[in-house]
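Letter by letter, the chains look like this.
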Amino acid sequence: MSQCVVRLNGTEEVEEFVKAASKCDFDIDIFYNRIIIDAKSILGILSMDLTRDLTVHCYGDSPAFNKTLQKFAVA
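Residues numbered from 1 in each chain as written. Predicted model: local features only at pLDDT ≥ 70, side-chain atom pairs only at ≥ 80, totals over all residues. Heavy atoms only, no water.

## Details of the side chain of H57
Logical step 1: If you trace the backbone, H57 turns up in strand β4 (residues 54-58).
Logical step 2: Sequence-distant contacts of H57, defined by excluding residues within four places in its chain, comprise M1, S2, Q3, D27, I28, D29 and F31. (Helix = DSSP H or I, 4+ residues; strand = E, 2+ residues; numbered from the N terminus. Contact = heavy atoms within 4.5 Å.)

Okay, structure coming up:
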């Protein structure tokens, strides 16, 4: 399992993130406080507070998805 902190600043970024996550054959979750959302759910992510940093847990590895994570990673 790997973990990364990301920030998604709008619907276009959420859509890009979900498309990349949907191509993975393993589970990906997004956490904020006690809320856990499936990263492959665009409505779930849009219902979160996008002004906050979100923690992503990946239960597998994909070089293509890792590129997307790096794009939205918080420094």
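## Overview of the pairing of β4
For a regular strand, the rule is simple: side chains alternate between the two faces of the sheet.
Logical step 1: Burial runs high along β4: 4 of the 5 residues are buried.
Logical step 2: Both strand β1 (residues 2-6) and β4 contribute to a ladder of 5 bridges, which runs antiparallel. The residue of β4 that forms the bridge with S2 is C58.
Logical step 3: Pairing analysis gives 4 bridges linking strand β2 (residues 28-32) to β4, with the strands arranged antiparallel. Note that in β4 the partner of I30 across the bridge is V56. (Buried < 20%, exposed > 50% of the residue type's maximum accessible area, 1.4 Å probe, protein only. Pairing = 2+ DSSP bridges.)

## Let's talk about the sheet that holds β4
Logical step 1: Within the open sheet, the 4 strands sit side by side as β1-β4-β2-β3. Their pairing is antiparallel. Of all the strands in the sheet, just β1 and β3 (35-38) have a single pairing partner and so form its edges. Within the sheet, the average angular offset between the axes of one strand and its neighbour, ignoring direction, is 25 degrees.
Logical step 2: Contacting β1, β2 and β4, helix α3 (residues 63-72) crosses the sheet at an angle of about 35 degrees to β1. (Axes fitted to C-alpha atoms, helices over the stretch in contact; angles between N-to-C directions.)

## A few points about α3
Logical step 1: Three or more residues of α3 are buried, namely F65, T68, L69 and F72. In a view along the axis of α3, the buried residues occupy a sector of 100 degrees, so they form one face of it. Opposite the packed face of α3, turned more than 90 degrees from it, sit the exposed residues P63, K67, Q70 and K71.
Logical step 2: Where α3 is buried, its residues contact β1, α1 (11-22), β2 and β4. (Arc of directions from axis to C-beta.)

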